[in-house]
Amino acid sequence: METTELVRALEARTAAGDLLQRDADGGMRCTACAHRCVLTEGRAGACGVRFRRGDALRVPFGYVARRYVRPIETNTIYHVRPGAPALTFGMYGCDLRCPYCHNWRISQALREGTAGESPTDITPEALVAEALAAGCAAVVGAYNEPMITAEWARAIFTEARRHDLVTALVSDGNSTPEALAYMRPVTDVFRVDLKGWSAAQYRVLGGRAETPLACLREARRLGYWVEAVTLVVPGFNDEADGLRQLAGELAAIDPDLPWHLNGFQPRFKMSDRPRTDAMTLVSAAGAAYALGLRHVYVGNLADEVRQLSHTRCPACRRVLVKRANYETLRCDVRDGACPDCGTLVAGLW
Ligand code: SF4
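This structure is a prediction, so every number in the text was calculated from the model and none was measured. (Residues numbered from 1 in each chain as written. Predicted model: local features only at pLDDT ≥ 70, side-chain atom pairs only at ≥ 80, totals over all residues.)

Helix and strand counts for the protein stand at 10 helices and 19 strands. Structurally, the protein occupies a C-alpha span of about 60 × 45 × 40 Å along its principal axes. By residue count, 47% of the 349 residues in the protein fall in the buried class. A separation threshold of at least 6 residues defines the contact pool for the protein, and within that pool the share at least 24 residues apart is 66%. (Helix = DSSP H or I, 4+ residues; strand = E, 2+ residues; numbered from the N terminus. Buried ≥ 20, exposed ≤ 12 C-beta atoms within 10 Å, placed from the backbone. Contact = placed C-beta atoms within 7 Å.)

Written out as structure tokens, the structure is:
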């Protein structure tokens, strides 16, 4: 589909939304993400997919842009059911505009005019039936920002929970307490990106530096299992001091919080940059351990630093979960603990 055709197709696949505030003067503000757009008739919010029609907020519903069954680790979630197959779905649109987005064909489809895209109609029941038929233990909203389609994700997760599946959101962290509270009754995991530490970095992405950490804290307060990811992009956010600052913030929140340092591969509007070199990630991981974090991982450079993708007991350092290239080869966690020394290891095992 061309962009205008895709916009029309998405407008036809909507339902009444819940995440909004009404002003006394009839104004409507969307609360699904930290932009908190004031919506006026005929113009979608910054994400391009939530809009006002008359007195109602219309939000995406009843379709997916992509869905795959893959190990849960491919969502950079390591402390939840290692090795379990997960059905992961993504939608169109995004509240940020990261120039290195891995999934820009769907997340930026409405801004970049990616040709050939079209939604696939599906119900929550059919999607979850697919997950069950494929032997999945989890359903994950990812690829674009799932909070901008929170009502749809909530419908899917409600169905997933009826079948005892784990549910997870993979978020850019540009969310709100309202959206986190709305999703929490049906969501187990909040996997959040920390894409940088400065206002200048987040200006490039279209967000604010303080929002993702605030979101992470709120998600933990609400009882989500939380893991954080930083994609380290050369020349953008690969300074050792800044990465140390992020590590310090995370260690102060909870030393058991897993932090993933992922290597960048050239793509989208940053296809002229080199990939991240392994030493940058290894030294950032070393600094994070020195600052007190107990679970720091290096990803996207699997062959070079495979040792740093394993989970080790924080006390005796025994390898508890052995991984290669986002696959679990062996998991020795027993009842949430190390079988050698009995130390509890944080996570949903
Ligand atoms: S999800 Fe965010 S960007 Fe989209 S309309 Fe709501 S507040 Fe605006």
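Domain annotation for the protein reports domain 1 (3-60) and domain 2 (310-349). Each of domain 1 and domain 2 has a C-alpha centre, and the two are 44 Å apart. (Domains from an automatic or database assignment.)

Our next topic: the environment of A126. The residue A126 is located in helix α4 (residues 124-133) in this model. Separated by 109 residues in the primary sequence, A126 and G17 have C-alpha atoms spaced 21 Å apart.

It is worth spelling out the packing of helix α9 (residues 240-253) against helix α10 (residues 278-290) at this point. Closest axis-to-axis distance for the α9/α10 pair is 9 Å, and the angle between their directions is 40 degrees. With respect to their mutual orientation, α9 and α10 come out oblique. Relative to α10, α9 is oriented so that their crossing is right-handed. Touching A240, L243, R244 and A247 of α9 are S283, A284, A287 and A288, all from α10. Of the residues in the contact of α9 with α10, the class split is six nonpolar, one polar and one charged. (Axes fitted to C-alpha atoms, helices over the stretch in contact; angles between N-to-C directions. Parallel < 35°, antiparallel > 145°, perpendicular 65-115°, else oblique. Left-handed = near helix turned anticlockwise from the far one by under 90°. Nonpolar A, V, L, I, M, F, W, Y, C, P; charged D, E, K, R; others polar.)

In this model, helix α8 (residues 210-221) (12 residues) spans 17 Å end to end at C-alpha, consistent with the 16 Å of a helix rising 1.5 Å per residue. Among the residues of α8, P212, C215, L216 and A219 are the ones counted as buried. Looking straight down α8, one finds its buried side chains confined to an arc of 100 degrees; they lie on one side. Away from the buried face of α8 by more than 90 degrees, exposed residues E210 and R221 are located. Turning to α8, the residues buried within the fold contact α6 (177-183), β13 (189-193), β14 (225-232) and α9. Among the residues trailing α8, G223 stands out with phi positive, at a value near 95 degrees. (Expected span 1.5 Å × (residues − 1). Arc of directions from axis to C-beta.)

Formed by 95 residues in total, the largest nonpolar core has its most connected members in A138, V139, A168, A179, V189 and L261. With sequence-adjacent residues up to four places away left out, A168 is seen in contact with N75, I77, V80, A138, V140, D188, V189 and R191. Among the nonpolar cores identified, the runner-up in size contains five residues, and C313, L320, V321 and V345 belong to it. (Core = buried A, V, L, I, M, F, W, Y, C linked by C-beta atoms within 7 Å.)

On to the sheet that holds strand β19 (residues 327-331), then. The strand order across the open sheet formed by three strands is β17-β18-β19, and the pairing between neighbours is antiparallel. Pairing within the sheet leaves two strands with one partner each, and these edge strands are β17 (311-312) and β19. Bridge count for β17 against strand β18 (residues 319-324) is two bridges, and the pairing is antiparallel. Residue pairing in the sheet places R312 in a bridge with V319 of β18. (Pairing = 2+ DSSP bridges.)

All right, on to the packing of α4 against helix α5 (residues 150-162) then. In contact at an axis separation of 9 Å, α4 and α5 are set at 50 degrees when each is read in the N-to-C sense. With respect to each other, α4 and α5 are oriented oblique. α4 and α5 meet at a crossing whose hand is right-handed. Residues P124, E125, L127 and V128 of α4 form the contact with α5, whose participating residues are A155, I156, E159 and A160. Here the residues of the contact of α4 with α5 sort into six nonpolar, no polar and two charged.

Glancing now at unusual backbone geometry. For Y143, which is not glycine, the phi dihedral falls at a positive 75 degrees. For Y143, the position within the fold is in the loop between β11 (138-141) and α5. Judged by local crowding, Y143 falls into the buried class, with 25 C-beta atoms found within 10 Å. Even without a glycine there, the phi angle at N325 is positive, about 50 degrees. As for its placement among the helices and strands, N325 is situated in the loop between β18 and β19.

Taken in spatial order, the three strands make up an open sheet running β1-β6-β5, and their pairing is antiparallel. The sheet terminates laterally at β1 (14-16) and β5 (51-53), the two strands that pair on one side only. Mean inter-strand twist for the sheet, computed between neighbouring axes without regard to direction, equals 40 degrees. Pairing geometry for β1 and strand β6 (residues 56-60), over three bridges, is antiparallel. Residue pairing in the sheet places A16 in a bridge with R58 of β6.

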